Amino acid sequence: MSGPLRVAVLGSTGSIGLQALYVAARFPERVRVVALAANRQGAVLAAQAMRLGVGRIALADETCAPEVTDLPPGCRCATGAAAVTELATLPDVDLVLNALVGAAGLRVSEAALRSGKVLALANKESLVVGGELLMPLAGGPVHAVTPTRLIPVDSEHSALFQCLLGEPADAVAKLWLTASGGPFRGRDRASLEGVTRAEALAHPRWTMGPKITIDSATLMNKGLEVIEAHYLFGVDFDDIRIVVHPQSTVHSMVEFADGSVKAHLGVTDMRVPIQYALSHPRRWSAPLPPVDFAALGRLEFEEPDWATFRCLGLALEAGRVGGTAPAALNGANEVAVAAFLDGRLPLTGIDRVVETVMERHDAEVVTSFEQLEDVDRWARARATLAIASA
Ligand SMILES: NC(=O)c1ccc[n+]([C@@H]2O[C@H](COP(=O)([O-])OP(=O)(O)OC[C@H]3O[C@@H](n4cnc5c(N)ncnc54)[C@H](OP(=O)(O)O)[C@@H]3O)[C@@H](O)[C@H]2O)c1
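So, a few notes on the structure that sits alongside this text. If you're wondering where the values come from, they're calculated on a predicted model, not measured in any experiment.

### What about the site of the ligand?
- Looking at the ligand, there are 29 residues lining it, with Gly 11, Gly 14, Ala 60, Met 208 and Gly 209 nearest.
- For the shell around the ligand, the secondary structure elements donating two or more residues are helix 1 (15-26), strand 2 (31-38), helix 5 (124-137) and helix 9 (210-218).
- Residue contributions to the shell around the ligand peak at three residues, all from helix 1.
- A class-by-class count of the residues in the shell around the ligand yields 14 nonpolar, 10 polar and five charged.

### Digging into the environment of Cys 75
- Position of Cys 75 relative to the elements: it lies in the loop between strand 3 (56-59) and strand 4 (76-79).
- Note: C-alpha distance between Cys 75 and Val 153 (78 residues apart in sequence) is 28 Å.
- Dropping the residues within four chain positions of it, Cys 75 is found in contact with Ala 49, Val 54, Gly 55 and Ile 57.

### Re the sheet that holds strand 3
- Read from one edge to the other, the open sheet built from seven strands follows the order 4-3-2-1-5-6-7, with strand pairing classed as parallel. Of all strands in the sheet, those with a lone pairing partner are strand 4 and strand 7 (150-152), marking the two edges. The average angle at which neighbouring strand axes cross in this sheet is 20 degrees, direction not considered.
- Judged from the four bridges that link them, strand 5 (residues 95-98) and strand 6 (residues 118-121) form a sheet pairing that is parallel. Following the sheet pairing, Leu 97 is matched in strand 6 by Ala 120.

### Some details on the environment of Val 354
- For Val 354, the location among the structural elements is in helix 15 (residues 349-360).
- Take Val 354: there are 31 C-beta atoms within 10 Å of it, and that puts it in the buried class.
- Along the backbone, Val 354 and Asn 221 are 133 residues apart, and their C-alpha atoms lie at a distance of 14 Å.
- Not counting residues up to four positions away in its chain, the partners in contact with Val 354 are Cys 311, Leu 314, Leu 329, Ala 332, Asn 333 and Ala 336.

### Observations concerning the sheet that holds strand 8 (residues 172-179)
- The sheet built from four strands is open, its strands ordered 9-8-10-11 with mixed pairing. Each having just a single partner strand, strand 9 (240-244) and strand 11 (261-265) make up the two edges of the open sheet. Within this sheet the neighbouring strands show an average axis-to-axis angle of 20 degrees, counted without direction.
- Relative to strand 9, strand 8 is paired through five bridges, and the arrangement is parallel. Bridge pairing links Thr 178 to Val 243 in strand 9.
- Taken strand by strand, helix 6 (residues 155-164) contacts strand 8, strand 10 (250-256) and strand 11, and its axis lies near 40 degrees from that of strand 10.
- Against the sheet, helix 10 (residues 220-233) touches strand 8 and strand 9, its axis set at about 150 degrees to strand 8.

### Observations concerning the pairing of strand 6
- Residues Val 118 and Ala 120 line one face of strand 6 and the alternating positions Leu 119 and Leu 121 line the opposite face, and both faces are buried.
- Where the polypeptide runs from strand 5 across helix 4 (residues 106-114) and back to strand 6, its parallel neighbour, the crossover connection is right-handed.
- Judged from the three bridges that link them, strand 6 and strand 7 form a sheet pairing that is parallel. When the sheet's bridge partners are listed, Leu 121 is paired in strand 7 with Pro 152.
- Between the parallel pair strand 6 and strand 7, the chain is carried across by helix 5, and the sense of this crossover is right-handed.

### A word on the packing of helix 1 against helix 11 (residues 271-279)
- Taken N-terminus to C-terminus, the directions of helix 1 and helix 11 make an angle of 60 degrees; their axes are 9 Å apart at the nearest point. It follows from the interaxial angle that helix 1 and helix 11 lie oblique. Read as a crossing pair, helix 1 and helix 11 show a hand that is right-handed. From helix 1, Ile 16, Gln 19, Ala 20, Tyr 22 and Val 23 reach across to helix 11, where they touch Arg 271, Ile 274, Gln 275 and Leu 278.
- Of the residues that constitute the contact of helix 1 with helix 11, the class distribution is six nonpolar, two polar and one charged.

So, how was this worked out
Residues numbered from 1 in each chain as written. Predicted model: local features only at pLDDT ≥ 70, side-chain atom pairs only at ≥ 80, totals over all residues. Near = placed C-beta within 6 Å. Helix = DSSP H or I, 4+ residues; strand = E, 2+ residues; numbered from the N terminus. Nonpolar A, V, L, I, M, F, W, Y, C, P; charged D, E, K, R; others polar. Contact = placed C-beta atoms within 7 Å. Pairing = 2+ DSSP bridges. Axes fitted to C-alpha atoms, helices over the stretch in contact; angles between N-to-C directions. Buried ≥ 20, exposed ≤ 12 C-beta atoms within 10 Å, placed from the backbone. Right-handed = clockwise from strand over helix to strand, strands pointing away. Parallel < 35°, antiparallel > 145°, perpendicular 65-115°, else oblique. Left-handed = near helix turned anticlockwise from the far one by under 90°.

Encoded structure:
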C-alpha cells in the first residue's frame, strides 16, 4: 500500500481508543486517523478531532451532541448508532479499529467486514454474540486467510495469532489462554460477597475500561475470551484451555500436534497488540522496556478456581451450547456488571443473574444479526427483572 494506513478509531475516548491514538501519533508517516467515534464523551471526541484534523466523527448518544463544539474545518459530525456504524464503511478507511465496549460493537464489526475493510478487533463481545455470522464474513479462521481480514487486538488473541502465523491449521492441538486471575485470585466465594466497586476495579496487571475490569474480577472475561478464540481460530472448546498465570508475561500459548508449544511473551501493555494490529505483517519499534527475565525470576501457572469464579463455567457452557446462547450470556452479563458498578448488585450477584437468564433461554440456531439483537434485548430485560427481584 502506498501512503499511510487510513484508520477509523471507533471507541476513541476509551482505554483502547486512547492507546490507539497514542500509537498512531508515534507513526504519522504510517498511520492517519480519518474517523473517530464515541458514545457520550462529545467534548473529548471533538478535542481529538481538532488535534488530529479528522474529517468524520460520530457520537452514539444523540443527547450528548451539544458537547461537540469547535470541530476542525470541514469535519462532519453525526449522531446515533447508525452514524457510528457508517464510519466503518467510509471509502477512505482501510482499517477499522473496533474499540467499542459491549454488544453495541456487533454492527460495527459486521459493517467493516462487509465493506471489505481490515477489522482490528478489540471488541470481543461482537464475536461472542455474532461469531457464527462474522467469521464467514472474515473468510474463515483468521490465521488461514491471506491477506488477513480480521486482526485480534485482545492481548491473548493477538498472542495466539502470532504463534499461529506460518503454521498449518491441522497442526494445532490446543490453545492455552493465560489469565492473570484478577484482583481476587486466591479468595473464596464467601469473602467476595461484600467486595466494593473500588476493590473490583483495582486490577493487578492491566488498566482498562470499567466493564472489562469487572469481567476480569469475575473471570467472565476469560470465559468470553474462550468463546472469542473458538470463533477466531476455529478450534473446538475441548481444545481450548485456561491457565492462571499471575505474572501475565506469557500472553498465551499454542500447543501443536508434536507436543511443541509456542508461547508469546512480552510486557503487559495493550499498546503492543494494538500496534501489531496496525503494523501486521511488519513490526514497528515500541518505546517500552523489554521483559527482564532475571528480574522476573519465575513464571507461575495454576488451575483456575472454577467454584469461586462461576462466570467462567457459565461462559464455557454457553459457548458449548452455541447458537444464540453466547448472545444471551453476554447481554445478561452486561446488565449485571452495570448493576454492580451502580451499587445495585453484589459482585457475586453477577453470576447468579447470568445463570438465571441462561436457565430461561432456549438457544436457537443463529440466522441473522436481527435475531441476535432480539436475543440481546431479551437477555437484558430478563437480567433487569432478576436484579430487581434479587
Ligand atoms: N482496555 C483494555 O485494556 C482491553 C484489553 C483487551 C480487550 N479490550 C476490549 O476492548 C473493548 C473496549 O474496552 P475499553 O476498556 O477500551 O472500554 P472503555 O474504556 O469503556 O471504552 C469504550 C469506548 O467505546 C465507546 N462506546 C461505548 N458504547 C458505545 C456505543 N454504543 N457507540 C459508540 N461508542 C461507544 C465509549 O465512548 P464514551 O467514552 O463516550 O462512553 C469509549 O470510547 C472491550 O470490548 C474490551 O473487552 C479492552
